[in-house]
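# Understanding the architecture of this molecule
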Amino acid sequence: MPVLERPQLNLRHEIFRVERILHPETDQLPKRQHKIIAVLPAYNAESTLAATLADVPAGSIDEVILVDDGSTDRTVQIAREMGLTVIEHPQNRGYGGNQKTCYRHALEHGADIVVMIHPDYQYDSRVIPHAVGFIELGICDVVLGSRIRSRHEALSGGMPPYKYICNRALTAFENLALGQNLGDFHSGFRVYRRAVLERIPYEQNSDDFVFDTQFLVQAVRLGFRLGDIPVPVRYFAEASSINFKRSLTYGARTVGVVGQYWLDRLAIWHSNLFKAKETV
């Protein structure tokens, strides 16, 4: 898979309407049996939102929900002009807090499958129907986009070396500790079956970045099937990323979450994080 070139973010949102991907002009596409909703946890994404959605294959999703986490730019205005469903947080609640709102509204809107993708144009949204396919075929309950098909590809794509090293170390640790074989435990591109969101008590998770780790550890503890596919990524100034200091904090908290998993699994100390929600 070729390395994606640094993007030229010159796609004007005025020429892009979400109807292009929700209702394609052709009727030759196969009819789906599931409602697929894409959720975008957004913060100051005015310059990348249109480009992210323009790459989504036509007819691959039924609705786009953008949750704005107190942006100070024109993200909300642009999203509405594009025809997206927009939910606003008056104040910034954090990355995890944003996702909680994303998933709650996706379920309320009747999603059978939920695609979470960052609207910062870092992840290649062309792979959405392929990731969704593994859910629809019943092969996986959770599908992640792996940014690291090879070391050369990841670093050539602009991933900072410290981020690559931390990712490899944490992912190897999590695979060993949780009995998985994922290429990237820390991806910002994820697809979930509805039952996953209905059963995992994600409302109790952190409002910070460790939300993602907690969610996957919960999925493993509750017996859901995880898989991944390679997803090319782009690193550039407008793409979201956490700094080195926050990365260290995130890594330490990730190790702590895995420790909680084993304490619960060995019945030494039970955590409500791993107590499945009752579904109606």
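Above this text is the structure in question.
First, a word on what this report is: a plain description of the structure on this page. (Residues numbered from 1 in each chain as written. Predicted model: local features only at pLDDT ≥ 70, side-chain atom pairs only at ≥ 80, totals over all residues. Heavy atoms only, no water.)

Per the secondary structure count, the chain includes ten helices and seven strands. When the 280 residues of the chain are sorted by exposure, 53% land in the buried category. Once local pairs closer than 6 in sequence are excluded, the contacts in the chain between residues at least 24 apart make up 78%. (Helix = DSSP H or I, 4+ residues; strand = E, 2+ residues; numbered from the N terminus. Buried < 20%, exposed > 50% of the residue type's maximum accessible area, 1.4 Å probe, protein only. Contact = heavy atoms within 4.5 Å.)

Attention shifts here to the side chain of H186. Looking at where H186 falls in the secondary structure, it is placed in the loop between α7 (161–178) and β6 (189–193). Using a relative accessible area of 12% as the deciding quantity, one classes H186 as buried. Within polar-contact distance, the side chain of H186 engages the side chain of E174 at 2.7 Å. One polar contact links H186 to Y250, side chain to side chain, over a distance of 2.5 Å. Ignoring anything within four residues of it in the chain, the contact list for H186 reads Y123, R147, N167, L170, T171, E174, T213, Y250 and T254. (Polar contact = N/O pair within 3.5 Å; in protein donor to acceptor, adjacent residues only side chain to side chain.)

A few words on the nonpolar core. One broad trend across soluble globular proteins is that nonpolar side chains are buried collectively. Ranked by internal contacts, the top residues of the largest apolar core, which has 43 residues, are L53, L84 and F189. Residues in contact with L53, not counting those within four places in the same chain, are F16, R20, I21, L40, V64, M82 and L84. Ranked by size, the runner-up nonpolar core spans 38 residues in total, among them A106, M116, L170 and L216. (Core = buried A, V, L, I, M, F, W, Y, C linked by side-chain atoms within 4.5 Å.)

Let us look at the sheet that holds strand β3 (residues 85–89). The seven strands are arranged β3-β2-β1-β4-β6-β5-β7 in an open sheet whose pairing can be described as mixed. Both outer strands of the open sheet, β3 and β7 (226–230), are each paired with one neighbouring strand and no more. Neighbour to neighbour, the strand axes of the sheet diverge by 20 degrees on average, direction disregarded. Inspection of the sheet shows strand β4 (residues 113–117) paired to β6 by five bridges, in the antiparallel sense. Opposite I113, over in β6, you have R193 as the bridge partner. (Pairing = 2+ DSSP bridges. Axes fitted to C-alpha atoms, helices over the stretch in contact; angles between N-to-C directions.)

The backbone phi angle of Y121 is positive, close to 65 degrees, even though this residue is not glycine. Summarising the element assignment, Y121 is placed in the loop between β4 and α5 (128–136). Phi at A267 is positive, roughly 60 degrees, even though this residue is not glycine. Structurally, A267 can be placed in the segment after α10 (244–265).

In terms of residue burial, β4 counts as a mostly covered element, since five of its five residues are buried. Neither face of β4 is open: one carries I113, V115 and I117, the other V114 and M116, and all of them are buried.

What follows concerns helix α9 (residues 211–221). Of all eleven residues making up α9, ten are buried, and the element is well covered by its neighbours. One or two residues past the end of α9 sits G223, with phi positive at roughly 85 degrees.

A separate point is the environment of K275. Counting through the fold element by element, K275 comes out in the segment after α10. C-alpha separation for the pair K275 and Q218, spaced 57 residues apart in sequence, amounts to 8.7 Å.

Attention now moves to α5. Those residues of α5 not exposed but buried are I128, A131, V132, G133 and I135. In the core, the buried residues of α5 are packed alongside β1 (36–42), β4, β5 (142–146), β6 and β7. After α5 finishes, the residue G138 shows a positive phi value of roughly 80 degrees.

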